[in-house]
Amino acid sequence: MSGLTFNGVHSATFGLGVRVYRPLLPGTSDNYVDIPGRAGSILYPGKPKDRLIPVEFGFMPGSRALFRSRVWEISAWLGTEERKILIIDDEPDKIYIAKPEGQVDLEQAFLLGKFTVVFRAEPYTYGSEQNQAFVNDAAAITNSGTVETPPRLSVIFTAAAAEWKAALVTGEYIRIVHNFVATDTLEIDCKTGAIYHNGTRAMNLLDWQNSILFSLAKGENTLAITPTGKCNAIIYWTPRYL
């Protein structure tokens, strides 16, 4: 295949040939418990584990000096402290968040170099962030991913309000209690749980006893804001694939 981009640099920069092996599904942290006197076992479902993506690389520079120089360049490219964005050429609309795992050994035969990197990625693969404005305080959203995804909401108040609430038709809602005035802003990140009022963290405004920092289900989702006619709002979400 043609290659991949990792840490902002394409593999072709180093003259690398690439072969990628992607698992169909990541593993899960399921637990099975055998009960004496009972046929079979009881399943306690777990969450998806990290996704392991082995990649074979090969390169053949034109001289021994260039070979060693290229090795150090590749080492600097792959050596990161944190996970970085990984994009494989045959799926440019899908993003992995990954980091090379373990030691990477180099096999050298004259001017031919080969090595295998196992990228340890987050369980979910991500699409591009999408957004949609609420119209008349309502929004119908299609989550094109294969699993649920937590949204982010951005609100600008156009009139005074004693609270703000966004609810799914399924019943889950987020309620923020505050005496808002026109031009106030509100940001709610359902992934991190962070709430910001006028750019300042304001977790105390959340009606935590009743609110749920919900996720958008796969497929169609309908949301409504109350009280009506008090704000302009946009919802942001990133499709996730498993």
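Residues numbered from 1 in each chain as written. Predicted model: local features only at pLDDT ≥ 70, side-chain atom pairs only at ≥ 80, totals over all residues. Heavy atoms only, no water.

(A) Structural detail: the sheet that holds strand β16 (residues 173-180). Reading across the sheet, the four strands line up as β13-β20-β15-β16 and stay open at both edges, with antiparallel pairing between neighbours. Strand pairing shows two members of the sheet lacking a second neighbour, β13 (138-143) and β16, which therefore form its edges. Ignoring strand direction, the axes of neighbouring strands in this sheet form an average angle of 15 degrees. With six bridges joining them, strand β15 (residues 161-168) and β16 adopt antiparallel strand pairing. Considered in β16, the bridge of Lys165 is made with Arg175. (Pairing = 2+ DSSP bridges. Helix = DSSP H or I, 4+ residues; strand = E, 2+ residues; numbered from the N terminus. Axes fitted to C-alpha atoms, helices over the stretch in contact; angles between N-to-C directions.)

(B) Molecular detail of the environment of Ala140. With respect to the element layout, Ala140 can be found in strand β13. Residues contacting Ala140, with those up to four places away along its chain left out, are Gln132, Asn221 and Thr222. (Contact = heavy atoms within 4.5 Å.)

(C) How the structure looks around the pattern of salt bridges. Scanning all chains against the criterion turns up eleven salt bridges. Notably, a salt bridge pairs Arg22 with Asp90, separated by 2.7 Å at the nearest N-O pair. With a gap of 68 residues between them, Arg22 in the loop between β3 (17-20) and β4 (31-34) and Asp90 in the loop between β7 (84-88) and β8 (96-101) connect regions that are remote in the sequence. The class of Arg22 is partly exposed, set by a relative accessible area of 29%. (Salt bridge = Lys/Arg side-chain N within 4 Å of Asp/Glu carboxyl O. Buried < 20%, exposed > 50% of the residue type's maximum accessible area, 1.4 Å probe, protein only.)

(D) Spotlight on the environment of Val104. Note that Val104 resides in the loop between β8 and β9 (106-109). A sequence separation of 112 residues divides Val104 from Leu216, and the C-alpha atoms of the two residues are 39 Å apart. In this structure, Val104 is in contact with Phe115, Thr116 and Val117, ignoring residues within four places of it in sequence.

(E) The packing of aromatic side chains, seen in detail. According to the stated counting rule, one finds eight aromatic pairs in the structure shown. A ring pair is formed by Phe14 and Trp77, whose centres lie 5.0 Å apart and whose planes are at 40 degrees; its orientation type is tilted. Taken together, the residues span a long stretch of sequence, with Phe14 in the loop between β2 (9-10) and β3 and Trp77 in helix α1 (residues 64-78) at a distance of 63 residues. Look at Trp77 and you get buried, because its relative accessible area is 4%. (Phe/Tyr/Trp six-rings, centres within 6.5 Å; stacked < 30°, edge-to-face > 60°.)

(F) Structural view of the nonpolar core. Counting 28 residues, the largest nonpolar core has Trp164, Ile176, Leu186 and Ile188 as its most contacted members. Elements with a minimum of two residues in this core: β13, β14 (152-157), β15, β16, β17 (185-189), β20 (219-226) and β21 (231-237). The next biggest cluster of nonpolar side chains, apart from the first, holds 23 residues, and it includes Leu4, Val20, Phe59 and Phe67. (Core = buried A, V, L, I, M, F, W, Y, C linked by side-chain atoms within 4.5 Å.)

(G) Main features of the layout of surface pockets. Reported here for the largest pocket is a volume of approximately 300 Å³. Along its surface, the largest pocket is lined by 15 residues, and Val71, Ile74, Ser75, Leu78 and Val104 are the ones closest to its centre. Contributing elements (two or more residues each) for the lining of the largest pocket: α1 and β8. Top element by residues in the lining of the largest pocket is α1. It accounts for six residues. When grouped by side-chain class, the residues that make up the lining of the largest pocket number nine nonpolar, three polar and three charged. Each pocket or cavity is described by its volume, and for the second largest pocket that value is around 220 Å³. Forming the boundary of the second largest pocket are 13 residues, of which Glu129, Pro150, Asp189, Lys191 and Thr238 lie nearest the centre. Class assignment of the residues belonging to the lining of the second largest pocket gives a composition of five nonpolar, three polar and five charged. (1 Å grid on protein atoms, 1.4 Å probe; cavity = no way out; pocket = protein on both sides within 12 Å on 5 of 7 lines; lining within 4 Å. Points joined across faces, edges and corners; volume = space filled by probe spheres on them. Nonpolar A, V, L, I, M, F, W, Y, C, P; charged D, E, K, R; others polar.)

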